[in-house]
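Topology and contacts: notes
The lines below spell out each chain.
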Amino acid sequence: LTMYLRSYVARAVLDTRRSRLLVTGCGFFGEPLQKDQEIALMALRPGPEISNYFIYFRTRGTPIDPSTWIWYRLPRYTETDGGGRKPG
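What you see is a predicted model; the values in this text were computed from it and never measured. (Residues numbered from 1 in each chain as written. Predicted model: local features only at pLDDT ≥ 70, side-chain atom pairs only at ≥ 80, totals over all residues. Heavy atoms only, no water.)

Our focus in this paragraph is the overall build of the protein. The helix and strand tally for the protein stands at one helix and six strands. Along the protein, helices and strands appear, N-terminal first, in the series α-β-β-β-β-β-β. Within the protein, the proportion of its 88 residues that are buried is 23%. About 6,500 Å² of surface is accessible on the protein, with carbon and sulfur atoms providing 57% of the total. (Helix = DSSP H or I, 4+ residues; strand = E, 2+ residues; numbered from the N terminus. Buried < 20%, exposed > 50% of the residue type's maximum accessible area, 1.4 Å probe, protein only. Areas by Shrake-Rupley, 256 points an atom, 1.4 Å probe, with all protein chains shown as cover.)

Given below as structure tokens:
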């Protein structure tokens, strides 16, 4: 359960100078975690999945590494006809 909740991205920052992605996950009640996770851009698996509400991405690694099994979920900002934000 904890690994699943950390896969929901509260904030993602692209650091092009150091070729990494800084990801802040969510805790049990949806609050952002205190510590950022650093992911090297070369460690990201190519071909993210994009849906109406989320962008899903994974990291590369061996099949026996459980951290590569779980997709990260980054919420997408989409505008509705009323100019507000869609739920999600």
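What follows covers the confidence of the model for the protein. For the protein, the average pLDDT comes to 80, and 80% of its residues sit at 70 or higher. For the protein, per-element mean pLDDT is lowest for helix 1 (residues 2-6), which scores 55, and highest for strand 4 (residues 49-50), which scores 92. (pLDDT = per-residue confidence, 0-100.)

Only a minority of non-glycine residues have a phi that is not negative, and only a minority of peptide bonds are not trans. You will see that serine 19, though not glycine, has its phi angle at about 55°, which is positive. Locating serine 19 in the fold gives a position in the loop between strand 1 (9-15) and strand 2 (20-25). What makes serine 19 partly exposed here is its relative accessible area of 39%.

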